[in-house]
Amino acid sequence: TSSSSSSSRSSNLELSSISSSSSSRLSTDDIKKVDDLQERPEEEEDNKESEEEEQQEVKEEKEVEEEEPQEEEEEEVPLKVKQELVDCLNEFVLTNRGGNGPTFSSFPIIMKIPVNETQPRSDIENIVSQCLGISTIYHHDTNTEENQESAEEYLTVGFTTKNELDDFIYKLYQEQMTFELDYSKFISHPGILFIKNLSSNLMSETDHFDSITINEETTPKHKLFEFLMDNCTFKSSEEVKIFNNDNNNASTTPLSAFAIVKFSNHLDVDILIKKYNKYIPNIFNNNTSVPLFLNKYLNRKERFVPPSSSSSSSSSSTTAATSMSSMSTSNNGNNSKSNDNCNLIIVENLLNFKPQPYFTRMDFERFINKFKNFGNVIDSIYFPLVDKGVNLDDIKIFDYGYIRFKQPNPNLMENTLRILYYLNGLSWEEFINLDVNNLPPLLSIITEENTDKEEEEEKEEDTEEKAEEGEEKKTEGSEETNNRKLSITIAQHKHNHNLFAQANSFYLSLSKNSSLGVSFPNPMFTINQFSRNLNYQETNIYVNNLPIVFNNDDVTWEKFWGQFGKIKSAKIIKPQFYHENEDENKSGKIGFVFYQTFKMAIGAILMTNNKVVNVDHFNPIIIQSSFAIQKSNTNKDLKPHLSQQQHQQLQQQQQQSQNPHQQSHVHHPHQQIPNHQVN
């Protein structure tokens with residue numbers, strides 16, 4: 001522009017000189033015309049150049065824009081779903097069981113049966129075909145030209161319940177077939193026996209000892225080892241360790257001792273406990289009237305004594321509590337922690353759910369019995385009353401109530417989840433008319449609901465252009481219908497405010513013979529019994545073990561879990577996310593699946609938790625799925641009291657910082673600390 005302006009100025013000077021010399025011949029208008037004629041070509045030329053430059057820039061920009069998507073497409077090639085992996089998993093997971101039958105193993109054990117000349121594969125498969133409750137069976141054959149020396153062929157078998165596994169073990173024993181039991185998925189090995197009330201002077205010839213280890217090769221034979229071997233069916237005792245109590249005591253009084261015995265078959269432990277727990281006379285004690293005590297050994301990570309209702313606790317009560325906890329753990333494996341969380345549920349929206357504003361005694365008993373029909377035994381209930389009346393024919397309760405189930409129960413977690421799945425969202429009429437003995441198969445419901453959900457979404461898209469008035473009427477009608485539905489969930493910290501609000505109210509309870517009655521207010525008891533310290537993300541499930549077979553493939557991961565409901569997000573957590581020095585190519589062992597609804601999440605857990613799967617070169621894997629723990633500001637204070645699984649899950653979730661649901665909680669000193677499956 002500066003060059004053009006200077007040239008323009010020079011032209012003007014030249015023209016001005018011409019005009020001054022020949023002013024007689026050229027008028028002022030003519031001069032202007034000449035000026036215009038002189039300036040126009042140069043301006044047009046400049047404009048033409050600038051237009052060409054602009055066009056060139058636009059062209060280059062278009063070329064860049066056209067190239068960029070191509071580059072992006074090359075970089076972000078969508079990953080293909082590994083359908084063969086999904087199909088393989090479905091063979092083990094999508095068992096189309098009825099609504100009344102168990103859907104997963106409550107005793108996560110894997111049996112390994114060698115295939116050889118003495119027990120050919122056909123004979124094994126024949127026995128397997130005669131047994132019920134087998135969830136998975138997989139053939140392994142490592143016999144190749146390269147490794148013929150170390151080759152082995154065997155079948156691995158998974159089971160739905162402990163009872164079915166035990167029956168199968170006895171069947172193999174009768175057929176004289178060998179097998180191995182893998183207890184690696186248990187925190188507390190169910191084949192370890194704890195024995196106490198022993199006298200140390202009868203256990204060893206040495207007066208003072210720290211510990212003694214005895215096995216089958218020990219000579220001379222130890223009388224405790226021989227006693228155990230003689231009285232168990234499978235003769236699977238591997239090792240006995242005897243420990244001396246109070247070894248530093250210099251007293252001449254005979255000291256006590258205890259023993260820990262490891263068996264390769266948990267049934268031997270069950271048999272010995274049944275026959276000899278509290279047995280008299282006790283030949284291993286100087287005072288034979290002191291009963292012999294036998295129980296399953298509980299790993300330190302799982303030891304938990306519930307708070308006693310009284311302020312004082314005797315050693316006997318502590319022993320009893322530990323014993324119950326031990327039994328629960330041994331029967332459920334890693335499920336014991338989840339069971340402790342699933343033994344308490346809260347039912348809400350009772351005032352709208354019931355057509356009348358009150359319950360008759362018959363109505364309430366029918367209501368409670370429906371929960372019993374799912375297989376759990378009710379231990380206690382808490383339904384606060386609006387008034388102090390004791391007329392059970394006109395029961396006026398608040399909008400909520402708690403139901404606690406008895407433990408131990410190997411199927412407690414599954415039964416509770418089935419209650420949530422089948423009873424949630426029902427009207428009073430639907431609730432009363434539901435036939436628990438003829439529930440539809442879980443898989444068929446999930447498939448049908450997914451189809452219905454897609455149809456509803458399509459209808460919603462088609463009706464987006466409806467008038468506002470019509471939409472408002474539709475919304476009001478749907479809200480009124482939803483308000484008549486029962487709401488049930490696992491009791492959590494967020495429900496504790498109910499207990500404090502009505503702590504001084506009379507409440508409905510069950511007597512020892514399970515009859516309905518009214519109890520006086522007892523704030524300390526109700527808070528201790530029915531409060532909780534954790535919240536869960538009710539649409540987000542935490543999955544352990546299974547992600548390793550997906551090799552960090554989020555696309556196939558989402559495809560697999562999408563079979564159980566509409567997914568908002570599904571991610572496998574890479575190892576380097578929670579361990580900085582981990583290899584980036586290493587497969588993650590944990591994952592999360594965020595569903596659209598609570599019911600979808602329940603269905604996914606029911607269909608997958610504790611299922612045994614066999615994939616390619618991987619060892620048999622037991623899936624562990626449970627509700628993800630809600631992060632909170634008080635989790636740091638709770639960590640010393642949480643189980644190892646809960647603590648690990650909290651650590652992994654906090655490192656993600658992907659949880660939008662943050663709540664601040666008030667810690668109450670009388671709350672029970674729940675143990676946890678989710679998993």
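The structure we're discussing is the one just above.
Since the structure is predicted, the reported quantities are computational estimates derived from the model, not experimental observations. Sequence order as written defines residue numbering, which begins from 1 separately in each chain. With the structure being a predicted model, the display of local features is reserved for residues of pLDDT at least 70 and the display and counting of side-chain atom pairs for 80 or more, all residues being used for whole-chain, interface and lining totals. Computation of side-chain values covers all heavy atoms of the structure but excludes hydrogens and water.

K.L.:
Account for the overall build of the protein, naming residues and giving values.
P.N.:
Each helix is a run of H or I in the DSSP string that is no shorter than four residues. Each strand is a run of E no shorter than two, and both are numbered from the N terminus. Counting its secondary structure elements, the protein contains 23 helices and 21 strands. Within the protein, the proportion of its 679 residues that are buried is 45%. Here the open area of atoms and residues is found with the Shrake-Rupley method and a 1.4 Å probe, where only the protein chains shown may cover a residue. Carbon and sulfur atoms make up 46% of the accessible area of the protein, which amounts to about 36000 Å² in all. Exposure categories follow from relative accessible area, calculated using a 1.4 Å probe and restricted to protein chains: below 20% of the type maximum is buried, above 50% is exposed, and the middle band is partly exposed.

K.L.:
Outline the packing of aromatic side chains, listing residues and values.
P.N.:
Note on aromatic contacts: the rings of Phe and Tyr and the six-membered ring of Trp form a pair at centre separations within 6.5 Å, being stacked when their planes are under 30 degrees apart, edge-to-face when over 60 apart, and tilted otherwise. Counted by the stated rule, this structure contains 36 aromatic pairs. Between F550 and W557, the aromatic rings sit 5.1 Å apart at their centres with planes inclined by 90°, giving edge-to-face as the arrangement. Their ring planes at 80° and their centres at 5.2 Å tell us that F560 and W561 sit as a pair that is edge-to-face. Looking at W561, the relative accessible area reads 0%, which means it is buried. Through a chain of ring-to-ring contacts, three or more aromatic side chains come together here, namely F353, F359, F364, F367, F371, F383, W428 and F431. Two limits define a charge over a ring: the Lys NZ or Arg CZ must be within 6 Å of the ring centre, and within 35 degrees of the ring normal. The aromatic ring of F359 is capped on one face by K354, whose charged end is 5.5 Å from the ring centroid. The ring of W428 carries K354 above its face, with NZ or CZ at 4.8 Å from the centroid.

K.L.:
Just give me the short version of the nonpolar core, but keep the residues and values in it.
P.N.:
Remark: nonpolar core denotes a set of buried residues (Ala, Val, Leu, Ile, Met, Phe, Trp, Tyr, Cys) joined through side-chain atoms within 4.5 Å. Core analysis: the largest hydrophobic core is formed by 81 residues, its most contacted members being F364, F367, F371, F383, L546 and W561. A domain-level breakdown of this core finds at least three residues from each of domain 3 (342–447 + 483–530) and domain 4 (535–630). In what follows, a contact means two residues having at least one pair of non-hydrogen atoms within 4.5 Å. Not counting residues up to four positions away in its chain, the partners in contact with F367 are V347, L350, F353, F383, W428, F431 and L486. Counting 26 residues, the second largest nonpolar core, distinct from the first, contains L193, A257, V269 and Y276. These domain limits were set by an automatic method or by a database of domain assignments.

K.L.:
Describe the pairing of strand β1 (residues 110–114), with residues and values.
P.N.:
With three bridges connecting them, β1 and strand β4 (residues 180–182) associate as antiparallel partners. Within the sheet, the bridge partner assigned to I110 lies in β4 and is D182. As paired elements, β1 and strand β3 (residues 153–159) share five bridges and run antiparallel to each other. When the bridges of β3 are listed, I113 appears paired with L155. In this scheme, strands are said to pair when DSSP sees at least two bridges between them.

K.L.:
Go over the side chain of K296, please, and point to the residues and values.
P.N.:
Mapped onto the elements of the fold, K296 is located in strand β9 (residues 293–296). There is a polar contact of 2.7 Å between the side chain of K296 and the side chain of D270. Two N or O atoms count as a polar contact when they lie within 3.5 Å, although within protein this holds only if one can serve as hydrogen donor and the other as acceptor, and sequence-adjacent residues are included solely when both atoms are side-chain atoms.

K.L.:
Give a detailed account of the packing of helix α3 (residues 83–93) against helix α19 (residues 554–561), specifying residues and quantitative values.
P.N.:
Throughout, an axis means a line fitted to C-alpha atoms (over the contacting stretch in the case of helices), and angles, computed between N-to-C directions, take values from 0 to 180 degrees. Packing of α3 against α19 leaves a shortest axis separation of 10 Å and a crossing angle of 35°. With respect to the hand of their crossing, α3 and α19 are arranged in right-handed fashion. Contact residues: Q83, L85, V86, L89, N90 and V93 in α3; T556, K559 and F560 in α19. Each crossing gets its hand from how the near helix is turned against the far one by less than a right angle, where anticlockwise is left-handed and clockwise is right-handed.

K.L.:
Can you tell me about the sheet that holds strand β8 (residues 256–263), naming the residues and giving the values?
P.N.:
Where strands meet in a sheet, backbone hydrogen bonds hold them as pairs that are either parallel or antiparallel. The strand order across the open sheet built from five strands is β6-β7-β8-β5-β9, with neighbouring strands paired in antiparallel fashion. One side of each edge strand has no neighbouring strand; the edge strands of this open sheet are β6 (211–214) and β9. Sheet twist, expressed as the mean angle between neighbouring strand axes with direction ignored, is 20°. The sheet contact formed by strand β7 (residues 237–244) and β8 spans seven bridges and is antiparallel. Bridging across to β8, I242 finds its partner in A259.

K.L.:
With reference to specific residues and values, describe the pairing of β6.
P.N.:
Side chains I212 and I214 of β6 all project onto a buried face; the interleaved residues S211 and T213 project onto a face where none is buried. Taken together, the four bridges between β6 and β7 define a ladder with antiparallel strand orientation. In the strand pairing of β7, I212 is matched with I242.

K.L.:
Could you give an account of the pattern of salt bridges, with specific residues and numbers?
P.N.:
We count a salt bridge whenever a side-chain nitrogen from Lys or Arg sits within 4 Å of a carboxyl oxygen from Asp or Glu. This structure, assessed with the given rule, holds 10 salt bridges. With a shortest N-O distance of 3.2 Å, D363 and K354 are connected by a salt bridge. In this structure K354 comes out as buried when scored by relative accessible area, which is 3%. The shortest N-O distance in the salt bridge between D554 and K574 comes to 3.5 Å.

K.L.:
A description of helix α21 (residues 598–608) should follow, citing residues and the corresponding values.
P.N.:
Burial runs high along α21: 10 of the 11 residues are buried. F598, M600, A601, I602, G603, A604, I605, L606, M607 and T608 are the residues of α21 that are buried. Where α21 terminates, the next one or two residues include N610, which has phi positive at roughly 65°.

K.L.:
Outline a nonpolar patch on the surface, listing residues and values.
P.N.:
Residues enter patches when they are more than 30% accessible in relative terms and free of salt bridges; like-charged ones are connected within 9 Å and nonpolar ones (Val, Leu, Ile, Met, Phe, Trp, Tyr) within 5 Å. A contiguous nonpolar surface patch, about 230 Å² in accessible area, is contributed by L79, V81 and V555. Its place among the elements puts V555 in helix α19.

K.L.:
Tell me what's going on with a negative patch on the surface, and back it up with residues and numbers.
P.N.:
The sign given to each residue is positive for Lys and Arg and negative for Asp and Glu; His and the chain ends receive no count. Charged groups are reduced to one reference atom each: NZ for lysine, CZ for arginine, CG for aspartic acid, CD for glutamic acid. Taken together, E84, D87, E91 and D616 make up a surface patch of like negative charges. Tracing the chain through its elements places D616 in the loop between β19 (612–613) and β20 (621–622). Its relative accessible area of 57% is what places D616 among the exposed residues.

K.L.:
Tell me what's going on with the sheet that holds strand β11 (residues 378–384), and back it up with residues and numbers.
P.N.:
Spatially, the six strands line up as an open sheet ordered β13-β10-β12-β11-β14-β15, and their pairing is antiparallel. The open sheet terminates on both sides in strands that have one partner only, identified here as β13 (487–490) and β15 (516–519). Neighbour-to-neighbour, the strand axes of the sheet open up by a mean angle of 25°, direction not taken into account. As judged from the four bridges shared by β11 and strand β12 (residues 400–405), these two strands associate in the antiparallel manner. Its bridge partner being in β12, I378 is matched across the sheet by F405. Set on the sheet, helix α12 (residues 361–372) makes contact with β10 (344–348), β11, β12, β13, β14 (507–510) and β15; between it and β11 the angle comes to about 135°. In the packing of helix α13 (residues 412–423) onto the sheet, the strands contacted are β10, β12 and β13, and the crossing angle to β13 comes to about 155°.

K.L.:
Which residues make up the environment of T233, and what values do they have?
P.N.:
By secondary structure assignment, the location of T233 is in the loop between α7 (223–230) and β7. Sequence spacing of T233 and I271 is 38 residues, and the spatial spacing of their C-alpha atoms is 7.7 Å. If sequence neighbours within four positions are ignored, T233 has contacts with Y173, D268 and I271.

K.L.:
Describe the environment of D268, naming the residues involved and giving the relevant values.
P.N.:
Turning to its location among the elements, D268 is positioned in helix α8 (residues 266–276). Sequence separation between D268 and S236 is 32 residues, and the spatial gap between their C-alpha atoms is 7.0 Å. Non-local contacts of D268, meaning those with residues more than four positions away in its chain, are made with C232, T233, F234, K235, S236 and F263. Of note is the side chain of D268, whose polar atom sits 2.6 Å from the side chain of S236.

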